[in-house]
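# Residue-level structural notes
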Amino acid sequence: MKEFRADLHIHTLLSPCASLEMSPVAIVEAALAKGIEILAITDHNHTAHGMLIRKLAAEKGIYVLPGAEISSSEEIHCLAYFDRESDTDDIQEFIDANITKTANNPGIMGFQPVIDRNEMVVKEIEHSLYGSVRKGIEEICSVVHATGGLFVPAHIDRPYNSLYSQIGFIPEGLSPDAYEISFRTDPEILMDEHPELRKHTLLKSSDAHYPDNIGRGGIRLRMKEISFDEIRMAFARTDGREAIII
Ligand SMILES: [Zn+2]
Ligand SMILES: [Zn+2]
C-alpha cells in the first residue's frame, strides 16, 4: 500500500464564485507546488473542465477525477466523481435537463466561461450555475451511482447548502460513498456531535475557489496505486485501503 495526497473539491473559473485565476494551468501548477497527486474538479452543476484538466494534469503526473458539485432540490451541495468522459457527459445531460434555468448576471454573480487548453474562451454558460436541480439528494445519489460515479455530500457540517443545514440528518435511504467535512473542521469533534458518522468514511477537501486555497485541509488516500477503482475501494475501506484526514 502507498499513500497519495488528494484534494477532491476544486472549482475552476467556470464557477461564478471562483476566481478567474482558477484556470486549468494554474490549478495544475498549484497542485504540483503543494505535492498533490490526485485532484477532483467539481464546478457547480457543470463538468466542462474536468476532462481538459485531467489531460493537462496527466502530463505532470497528477491524476484528476472529473466531476461536479450538484445542488439538490433541498439546496444541498453534492459532489460527484467520475472516471469516463461519457459518464461526465451523461451526468451533465441529467443536470441540464433538471436544473432551474435562470439567466446568469455576470456583473453581479461572476462570469461562467468555458475555456480550452490555450485558455481561450470557447463559450459562456448562460444560465446561472447556482441553480438547483429539481431532484432530491437520494435520487441524485442513485443517478450518480447508475452513471458509474462516486457520490459524496459536500461540506456536511457547513451552516448552509449542506446535509445537516438543510435536513439535519442522514436520510435512511441515502448511500453515499463518503461524506466531506469542511476544511476547518476537526473530525473528532464533529463525530462526537454526530456519532452516526463514525461508521462512514470522511473526506476533507479544500473547496478551493482561489489557487492559494488548493491543498488546504486535504486527505491522504491509502491504496495500491492511483486509479478510479482504487479510490472507490479506499472510500469503502476495502482490504486496508482508507482515506486519512490530514
Ligand atoms: Zn458547496
Ligand atoms: Zn464547492
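Everything below is about the structure printed above this text.
Now for a description of the structure that goes with this document. Everything numeric in this text was worked out from a predicted model, so none of it was measured. Residue positions are counted from 1 within each chain, in the order its sequence is given. Think of it this way: whatever chain is written first is A, whatever ligand is written first is 1, and the rest follow in order. In view of the model being predicted, local features appear only for residues whose pLDDT reaches at least 70, and side-chain atom pairs are presented and counted only at 80 or more, with totals across whole chains, interfaces and linings using the full set of residues. Excluding hydrogens and water, the side-chain figures rest on all heavy atoms present in the structure.

## Thoughts on the pattern of salt bridges
Salt bridges are identified by distance alone: a Lys or Arg side-chain nitrogen within 4 Å of an Asp or Glu carboxyl oxygen. As enumerated under the stated definition, the model contains 10 salt bridges in all. With a shortest N-O distance of 3.2 Å, D83 and R54 are connected by a salt bridge. Placement of the pair is D83 in the loop between β4 (77-81) and α3 (85-98) and R54 in helix α2 (residues 50-58), with a sequence separation of 29 residues. Put simply, R84 and D87 hold a salt bridge, and the shortest N to O gap is 3.0 Å. A residue is classified by how much of its surface remains accessible, and D87, at 6% relative accessible area, is buried. Overlapping salt bridges bring together E3, R220 and R222 as one network. Where helices and strands are cited, they refer to DSSP runs of H or I of at least four residues and of E of at least two residues respectively, numbered from the N terminus. Working definition: with a 1.4 Å probe on protein chains only, accessible area under 20% of the residue-type maximum means buried, over 50% means exposed, and in between means partly exposed.

## Description of the environment of G173
Looking at where G173 falls in the secondary structure, it is placed in the loop between α6 (163-166) and β8 (179-181). Its relative accessible area of 53% is what places G173 among the exposed residues. Expressed as a C-alpha distance, the spacing of G173 and D90, which sit 83 residues apart in the sequence, is 23 Å.

## So, the coordination of the zinc ion (ligand 2)
The donor set comprises N, O and S atoms within 2.8 Å of the metal, extended to 3.2 Å for Na, K and Ca; water molecules are omitted, so apparent gaps in a site may simply reflect that omission. The zinc ion (ligand 2) binds to the protein through H9 (NE2), H11 (NE2), E69 (OE) and D207 (OD), with metal-donor distances spanning 2.0 to 2.2 Å. Taken together, the four donor atoms coordinating the zinc ion (ligand 2) and their angles of 80 to 175° define a geometry best described as irregular. Sequence positions of the donors to the zinc ion (ligand 2) reduce to the motif H-x1-H-x57-E-x137-D. A gap of 3.5 Å separates the zinc ion (ligand 2) and the zinc ion (ligand 1), which E69 links by coordinating each metal. Here the residue H11 occupies a position in the loop between β1 (2-10) and α1 (24-33), and D207 occupies one in the loop between β9 (202-204) and β10 (219-223), the gap between them amounting to 196 residues. Since its relative accessible area comes to 12%, D207 is described here as buried. Each label reflects the angles at the metal, where four donors whose angles all fall between 85 and 135 degrees are tetrahedral, four or six donors whose opposite pairs open beyond 155 degrees and whose other angles stay between 65 and 115 are square planar or octahedral respectively, and the rest are irregular.

## With respect to the sheet that holds β10
A pair of strands counts as paired when DSSP detects no fewer than two bridges linking them. The strand order β7-β4-β3-β2-β1-β10-β11 describes an open sheet built from seven strands, whose pairing is mixed. Each of the sheet's edge strands pairs with one partner strand only, and the pair in question is β7 (150-153) and β11 (242-245). Strand-to-strand twist of the sheet, defined as the mean angle between neighbouring strand axes without regard to direction, takes the value 25°. Of the strand pairs in this sheet, β1 and β10 are connected by five bridges, and their pairing is antiparallel. Within the sheet, the bridge partner assigned to A6 lies in β10 and is I219. Should any heavy atoms of two residues lie within 4.5 Å, those residues are considered in contact. The convention used is that axes are lines fitted to C-alpha atoms, helices contributing only their stretch in contact, and that angles between N-to-C directions extend from 0 to 180 degrees. Most of the contacts of α2 go to strand β3 (residues 63-71), to which it runs at about 160°, and overall it touches β2 (38-44) and β3.

## Quick look at α2
Of all nine residues in α2, seven are buried; the element is thus mostly enclosed. The complete set of buried residues in α2 reads G50, M51, L52, I53, R54, L56 and A57. Against α1, β2, β3, α3 and β5 (113-115) lie the buried residues of α2.

## As for the coordination of the zinc ion (ligand 1)
E69 (OE), H77 (ND1) and H155 (NE2) make up the full set of protein donors to the zinc ion (ligand 1), lying at 2.1 to 2.2 Å. Counting gaps between the donor residues of the zinc ion (ligand 1) yields the pattern E-x7-H-x77-H. Taking relative accessible area as the criterion, H155 reaches 2% and is therefore assigned buried.

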